[in-house]
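# Structural description and commentary
Below are the chains, spelled out letter by letter.
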Amino acid sequence: MSESIILQDQPAAATPTAVAARARSTGAAYASRFERRPEFELWGSLVPDVIDASSVRKRMVEDLEFIRIADVFAGNSEIFIGFGKPNAYLVVPDGKGGYQKFAGKSLKLAPSRIEDTRGWVQSGILLRLKNLPEGIDVAIRAAMEKHNNVEFWTCVNAILHVLSDSGFGAIPDTTEVERRYMPYALMHAMLRGARPPKAPVAPALPADVDYAGGLNVMVTRSSLAVAFLRQFWGSHALFMASQVRVKISDFLTGVLAPFPQPNPDFVTRVKKAVLFSPLVVKGIRRLLACDYISIGNRLECDVYDMLRTHSQRARNIYNLVLTDEHIIIARISIRARIIDWILSKHVLMSGYHPAVRFAGEIWKDEHGVIHINRNSGTYQPTLEQLQSAAAFLRAVFPHLTVVIDEAL
């Protein structure tokens, strides 16, 4: 991997030695505010927070890229598994203020070994373990010593031997380490879900600001069939936020009807009567959004971090729908153009909600500015409604810069 992606907060499973132990406090955890967002793995399970730290500085050593641990993690007490290219490794505090690494070699080409990281590790996907029992770092170091200079068939298998002998179940089925060799078996499809961005990310928001909260954020859970198909056409999740601090009716007094044209053309008639009729939309939503998973109450800065950065090199525009109860967004461009077009339609997002106040597009640019426009052929809001929608979003997100884009 050439980018640094952090899959946050994979808790250790309880074991006889861990149940009564005091859990470690993770504190600030990260050295900076990074973009973060929920991601679905291959079979539809939700990873609540994927931390995108691809903006950190990298250093080339021969043909490998390395990152400084302090640029990602605050403090020196993290335990994490790194999935680089081509090898995986385990990092643990060395007990002296630094970190040491356990690196196995595949195909028994060389014995495993313990190395001083000197504060640097290979970039890739980092799986951070948290809520670990007190003293687990000592147990892991002891297990590393036990397996130092031992040959293994894969580096993942070497890591699993160390974790198993450490006395806790951080990874499912560590008691069967002899039968686990590949990163896929260890992480399932998390590598698929956490793809590195293709363009620079927007700057992080300041940390010393009292951001507005009260935003209950939910994401759709799809049926098992759709979860399987996502490996071919990508994830088309709907994100929905509700809040009670600001009344949308104070900004947008009217409601929008779908397909409001008095004399619609043939294509619009087909959309309204066939492709996106209420019955078809209901059927698609039963598969695409059969349930909603709450990811908790969030601050406005958390929502900012969830939005992917849009640029000329990476299109990350979202469709936006505002109803009396919710702010709903869905990413437009994912993988398959026709599927993207169908599964991000405004009427599919709204589900023919009787009180749609606004529909358009929203995105975050490379400078962190939030843009909205009124590009919705289904609901066709006016310029005045666009301006009112921007005022509403500024009230909900008072510390974010929201601007309007009048071009259609």
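Bear in mind the structure is a predicted one, so any value in this text is a computation, not a measurement.

This part is about the nonpolar core. Ranked by internal contacts, the top residues of the largest apolar core, which has 37 residues, are L320, L322 and L393. Where this core is concerned, the elements lending two or more residues are β12 (215-221), β13 (239-242), α8 (300-306), β15 (318-323), β16 (327-331), β17 (356-364), β18 (370-373) and α11 (383-396). Of all the elements, α11 adds the most residues to this core, at six residues. Within the second largest apolar cluster, 23 residues are counted, among which are I79, L129, A143 and F152.

We now examine the side chain of K345. Summarising the element assignment, K345 is placed in the loop between α9 (337-343) and α10 (346-350). Here K345 is buried and forms no salt bridge, its nearest opposite-charge partner E361 lying at an N-O distance of 9.5 Å.

Turning next to the sheet that holds strand β5 (residues 64-68). The strand order across the open sheet built from three strands is β4-β5-β10, with neighbouring strands paired in antiparallel fashion. Strand pairing shows two members of the sheet lacking a second neighbour, β4 (58-61) and β10 (120-122), which therefore form its edges. Pairwise comparison of adjacent strand axes, ignoring direction, gives a mean angle of 40° for this sheet. Here three bridges tie β5 to β10, and the two strands are oriented antiparallel to one another. Following the sheet pairing, I67 is matched in β10 by V121.

Tallied over the entire structure, the rule returns 11 salt bridges. Note that D71 and R68 form a salt bridge whose closest N and O atoms lie 2.7 Å from each other. For D71, a relative accessible area of 17% corresponds to the buried category. The closest approach of N and O atoms between R113 and E115, which form a salt bridge, is 2.4 Å. Here E115 falls in the partly exposed class, since its relative accessible area comes to 21%. Members of the salt-bridge network, linked through shared partners, are E35, R37, D52 and K364.

Residues V281, R285 and L288 constitute the buried set of helix α7 (residues 278-288). Looking straight down α7, one finds its buried side chains confined to an arc of 70°; they lie on one side. Structural note: α7 exposes L279, K282 and R286 on the side pointing more than 90 degrees away from its buried face.

Turning next to helix α1 (residues 136-147). In this model α1 runs 17 Å from its N-terminal to its C-terminal C-alpha over 12 residues, within 8% of the 16 Å that 1.5 Å per residue would give. Among the residues making up α1, those that are buried are I136, I140, R141, A143, M144 and H147. Down the axis of α1, the buried set is contained in an arc of 160°. They therefore lie on one face. Residues of α1 that are exposed and point more than 90 degrees away from the buried face comprise E145 and K146. Elements in contact with the buried residues of α1: β6 (79-83), β7 (88-93), β8 (99-103), β9 (113-116) and α2 (155-165).

Thresholds applied
- Residues numbered from 1 in each chain as written.
- Predicted model: local features only at pLDDT ≥ 70, side-chain atom pairs only at ≥ 80, totals over all residues.
- Heavy atoms only, no water.
- Core = buried A, V, L, I, M, F, W, Y, C linked by side-chain atoms within 4.5 Å.
- Buried < 20%, exposed > 50% of the residue type's maximum accessible area, 1.4 Å probe, protein only.
- Helix = DSSP H or I, 4+ residues; strand = E, 2+ residues; numbered from the N terminus.
- Lys, Arg positive; Asp, Glu negative; His and termini not counted.
- Salt bridge = Lys/Arg side-chain N within 4 Å of Asp/Glu carboxyl O.
- Pairing = 2+ DSSP bridges.
- Axes fitted to C-alpha atoms, helices over the stretch in contact; angles between N-to-C directions.
- Arc of directions from axis to C-beta.
- Expected span 1.5 Å × (residues − 1).
- Contact = heavy atoms within 4.5 Å.

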